[in-house]
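This is what each chain is made of:
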Amino acid sequence: MRSLNLDQLRAFVEVIERGSFTAAAKELNLTQPAVTHQVQELERRFKVLLVERLGKRAYLTQAGEKLIEHARHLLDEDSRTQVLMRRFDDGWLGRVRLGTSMTVLMYLLPPILRQLKTDHTQLEINLKAGLTATTLQMLKTNALDLGLCAIPIEDPAFETVPLFKDELVAILPAELGRVPRKVTPQFLSRCPLILGSPESALRRTVTDWLALAGPPPKPLMEFDNVEAIKSVVAVGLGASIVPSLCLGAAANTLVRPLNPRASRRVGLVRLRGKRSTDGMELVAAALLALRGQRSAAGSK
């Protein structure tokens, strides 16, 4: 048997819902013979009578009663499919999946995302916060389109564009006495340390800096989230090194620059060879504007 014809099903449903072939033809903007032909073709397909006429009215047969609910369901699905596919036309820009760290997501992205949604209402942006290693893996498996990650990235599967450098600073409990104006690896190594996850790029940078004074001490606590680190330092349980980007109002916390200085670099990352879309290019262009913004902030 041939596949069902939606035009025939639509004519059949309209005849029953309007009560006549004439009314259905008017609704469908067709001639009455054309509607009659559509219904007759459907009846020939199933080899059963679906509609019977009593006077000027059209009524369902027993077979028609069984078919009409299925027909309505198929037409509803067709309508939903048409609406869904129409989103890809008429200026719809599609979905862009962006992965980054929680710190960048909280402190840097909100105004950029707000402006993108204001300027491009049909742009859909999905966000995923996680470690750089997680973001890179999701880019490789096509679970993300773009990443804001700590760089450099040695894997040749990725292409990166440097965006900004974020200075690292020491944070210490406010009640801690005699803290130098600039914190050295030797000084911080003597403090109870609250550090990030060993798998994070930030932790590796901090470990390398501490190693300037010898083997880095074992941290008292480890967290994946910089906000958790800040909270634990604020209640006096230890000291840490965090990106200056996340400082904001640091209650009960002393903030000191590092000596020697240390920083982390953040770049825009995408899988090499991945097909780009208009939506991806819009988001990438907005993120590239961070280069000037962060440089200007750092020069003040």
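Quantities reported herein were computed from a predicted structural model and do not represent experimental measurements.

**Student:** Describe the packing of aromatic side chains, listing the residues and the values that go with them.
**Tutor:** Per the counting criterion, the structure on display carries zero aromatic pairs. Cation over ring: Arg-53 sits above Phe-21, and NZ or CZ is 4.0 Å from the ring centre.

**Student:** Account for the pattern of salt bridges, naming residues and giving values.
**Tutor:** Any two side chains of opposite charge can pair, so long as their charged atoms come close to each other. The tally for this structure, following the rule as stated, stands at 18 salt bridges. The shortest N-O distance in the salt bridge between Arg-97 and Asp-145 comes to 2.9 Å. Here Asp-145 lies in the loop between helix H7 (132-140) and strand E5 (146-151) and Arg-97 lies in strand E3 (residues 94-100), a separation of 48 residues in the sequence. For Arg-97, a relative accessible area of 14% corresponds to the buried category.

**Student:** Report on the nonpolar core, specifying residues and quantitative values.
**Tutor:** The biggest cluster of nonpolar side chains holds 29 residues, and the ones touching the most others in it are Leu-172, Val-183, Leu-188, Trp-209 and Val-242. Breaking this core down by element, the ones donating at least two residues are strand E6 (158-173), helix H8 (185-189), strand E7 (194-196), helix H9 (201-210), helix H10 (226-234) and strand E9 (240-243). The dominant element in this core, judged by the number of residues it contributes, is E6, at five residues. Ranked by size, the runner-up nonpolar core spans 24 residues in total, among them Val-96, Leu-116, Ala-284 and Leu-287.

**Student:** Let's hear about the state of the cysteines: which residues, and what values?
**Tutor:** A complete count under the given rule lists zero disulfides for this structure. For the unlinked cysteine Cys-149, the closest cysteine sulfur is that of Cys-246, found at 18 Å. For Cys-149, a relative accessible area of 1% gives the class buried.

**Student:** Talk me through the side chain of Arg-264; I want residue IDs and the actual numbers.
**Tutor:** Within the element layout of this structure, Arg-264 appears in strand E11 (residues 263-271). Sequence-distant contacts of Arg-264, defined by excluding residues within four places in its chain, comprise Ser-101, Thr-103, Val-104, Phe-164, Lys-165, Asp-166, Leu-168, Pro-243 and Leu-245.

**Student:** If you had to explain the pairing of strand E2 (residues 57-60) to someone new, which residues and values would you point to?
**Tutor:** Examined bridge by bridge, strand E1 (residues 51-54) and E2 share four bridges and lie antiparallel to one another. Looking at the pairing, Glu-52 lines up with Tyr-59 of E2. The antiparallel hairpin formed by E1 and E2 contains two residues in its connecting segment, where Gly-55 sits at a positive phi of about 70°.

**Student:** So what about the side chain of Gln-8? Which residues, and what values?
**Tutor:** Relative to the elements of secondary structure, Gln-8 occurs in helix H1 (residues 6-18). Residue Gln-8 is classed as buried on the basis of its relative accessible area, which comes to 5%. The residues contacting Gln-8, other than those within four sequence positions of it, are Gln-38, Glu-41, Leu-42 and Arg-45.

**Student:** Give me the lowdown on a nonpolar patch on the surface, citing residues and values where you can.
**Tutor:** Together, Leu-4, Leu-6 and Leu-74 make up an exposed nonpolar region whose accessible area comes to about 210 Å². Tracing the chain through its elements places Leu-74 in helix H4 (residues 62-86). A relative accessible area of 33% places Leu-74 in the partly exposed class.

Conventions used here
Residues numbered from 1 in each chain as written. Predicted model: local features only at pLDDT ≥ 70, side-chain atom pairs only at ≥ 80, totals over all residues. Heavy atoms only, no water. Phe/Tyr/Trp six-rings, centres within 6.5 Å; stacked < 30°, edge-to-face > 60°. Lys NZ or Arg CZ within 6 Å of the ring centre and 35° of its normal. Salt bridge = Lys/Arg side-chain N within 4 Å of Asp/Glu carboxyl O. Helix = DSSP H or I, 4+ residues; strand = E, 2+ residues; numbered from the N terminus. Buried < 20%, exposed > 50% of the residue type's maximum accessible area, 1.4 Å probe, protein only. Core = buried A, V, L, I, M, F, W, Y, C linked by side-chain atoms within 4.5 Å. Disulfide = S-S within 2.5 Å. Contact = heavy atoms within 4.5 Å. Pairing = 2+ DSSP bridges. Patch = residues over 30% accessible without salt bridge, like charges linked within 9 Å, V, L, I, M, F, W, Y side chains within 5 Å. Areas by Shrake-Rupley, 256 points an atom, 1.4 Å probe, with all protein chains shown as cover.

This is a description of form; function is not addressed.
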